[in-house]
Amino acid sequence: MACNSADELQSWLRVLRDSVRIPHAARREVMKLERKTKCARELSGLIVYCVATKPFYINDPKPDFHCMASFTELVAAKYADIDHASQFLKCNNTRFSRIYPDKKRFDSSNYDPTDTWNCGCQMVSLNYQTDDNWMQINQGKFLQNKRTGYVLQPNFMRSEKYHPHKAETLAGIVEALYMSVTIIAGRNIVRTRGRGIASPFVEVELTGASYDSNKDQKARTPTAQDNGLNPRWHDSSTFVFGIKNPDLALIRFVVQDVDVWGDPSFLGQATFPIRCLRTGYRSVPLKNGWSEDLELSSLLVYIQMRARKESTFVQYPPLQEILEVHQDTVLDQLRPTQSLTLPEAVPAPEKSMRHSQSDELVSSPIKSRFLFTRRLSELSSRRKSDRDAPSTETS
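It should be emphasised that the depicted structure is a prediction, and the values quoted were computed from it without experimental measurement.

(A) Up close: the sheet that holds strand 4 (residues 123–124). If you trace the four strands from one edge of the open sheet to the other, you get 1-2-3-4, paired in parallel fashion. Where the open sheet ends on each side, the last strands, each with one partner, are strand 1 (51–52) and strand 4. One ladder, built from five bridges, connects strand 2 (residues 67–72) with strand 3 (residues 96–100); its direction is parallel. When the bridges of strand 3 are listed, Ser70 appears paired with Arg98.

(B) Main features of the nonpolar core. Met179, Ile183, Phe241, Ile251, Phe253 and Leu299 are the most contacted members of the largest nonpolar core, which totals 28 residues. Apart from residues no more than four positions distant in its own chain, Phe253 is found in contact with Val181, Ile183, Glu203, Val204, Gly268, Gln269, Ala270, Phe272, Val284, Leu299 and Val301. In terms of nonpolar packing, the next biggest core, distinct from the first, is built from 16 residues, Ala76, Ala85, Phe88 and Met135 among them.

(C) Region of the structure containing unusual backbone geometry. Even without a glycine there, the phi angle at Asn145 is positive, about 60°. Within the secondary structure layout, Asn145 lies in the loop between helix 6 (133–141) and strand 5 (177–187). Of note in this structure, Ser291 is not a glycine but carries a positive phi near 60°. Counting through the fold element by element, Ser291 comes out in the loop between strand 11 (280–287) and strand 12 (293–307).

(D) Main features of the pairing of strand 10 (residues 264–273). Note that strand 9 (residues 250–258) and strand 10 share nine bridges and pair antiparallel. Note that in strand 10 the partner of Asp257 across the bridge is Ser265. Linking two consecutive strands that pair antiparallel, namely strand 9 and strand 10, is a turn of five residues; a positive phi of about 85° is found at Gly262 within it.

(E) Structural detail: helix 1 (residues 6–37). The end-to-end C-alpha separation of helix 1 is 47 Å, in line with the 46 Å expected for 32 residues at 1.5 Å each. After helix 1 finishes, the residue Lys38 shows a positive phi value of roughly 60°.

Rules used in this analysis
- Residues numbered from 1 in each chain as written.
- Predicted model: local features only at pLDDT ≥ 70, side-chain atom pairs only at ≥ 80, totals over all residues.
- Heavy atoms only, no water.
- Pairing = 2+ DSSP bridges.
- Helix = DSSP H or I, 4+ residues; strand = E, 2+ residues; numbered from the N terminus.
- Core = buried A, V, L, I, M, F, W, Y, C linked by side-chain atoms within 4.5 Å.
- Buried < 20%, exposed > 50% of the residue type's maximum accessible area, 1.4 Å probe, protein only.
- Contact = heavy atoms within 4.5 Å.
- Expected span 1.5 Å × (residues − 1).

This is how it looks when you write it as structure tokens:
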């Protein structure tokens, strides 16, 4: 380095020393802060969208996209009413909001999270230690997206004309539908408390948007008295639901027991988003209050979905008709292979072997296999007796 004077040389040396010393001092301060906060500065620098701030105002003209506000359920319910829901939804389109239970819930009960979901709130906290219906709806809501814990909001929630409490704002955006649910039978429905045989009945209800979550959408089957092993309800338990906003709707099956005093008690439940359902015959696995599987407990249902303009439903085909259609295929599978040859003249079966026409209507693969096996054993015994009989010919 060439300088014009010694003073200029010293000034350059001081600048070089400072350029080395200052970064080292800053780095030591950062390391000291990381040890104190137990958080790396690089990781902390990534948190730019979840900075906790004071609750924002709905009419704030300049929202901060990186801020996240927390509300109690009471404040959120005030923002989610019919007068402020549209503006609250617009705020949640640009910012994060977090809802938590009120401090007065000493019993750890939960509140209805659907209104805040419908207004675009991203994080709705519940008391996981309580197995109430709102916790079960929360578990059913996040069955979507392969249970990753994240559910993408529908596109219409970012539309300017959409209002969470007004179904007419969905015209031309979301197609409403009719859904028919037939509760056919159940299996292995047992009492979780006490002894005895359960007398179950099934309640089917919808929850979601405020115009879909009304009392008219709740239906109930008759009670199967003293039959928890295989209760049947058949055609008397077909319910039709009109769903105006299927993207936000969930269906909930609740199985309850009627005791000797006529009071219902919880046995099992299952909650699913409407968009995750498939039509036809379906087995609904039942879960307990904490959404844990109940071993072997399930419901057999038949589901149909139609557009609102197609209000007619086809009567579901009985299971017996399906067995009759596939009976020939089942019998072909049970027939012997080509290596097994039977005599041309097969003797008529005995009277005990003959079965009535009513038995044919309820034939099953197990019964067909039993009859075929019995026929083979009978033919084998006849051949053996013919072989062992003394010959009448003389040499």
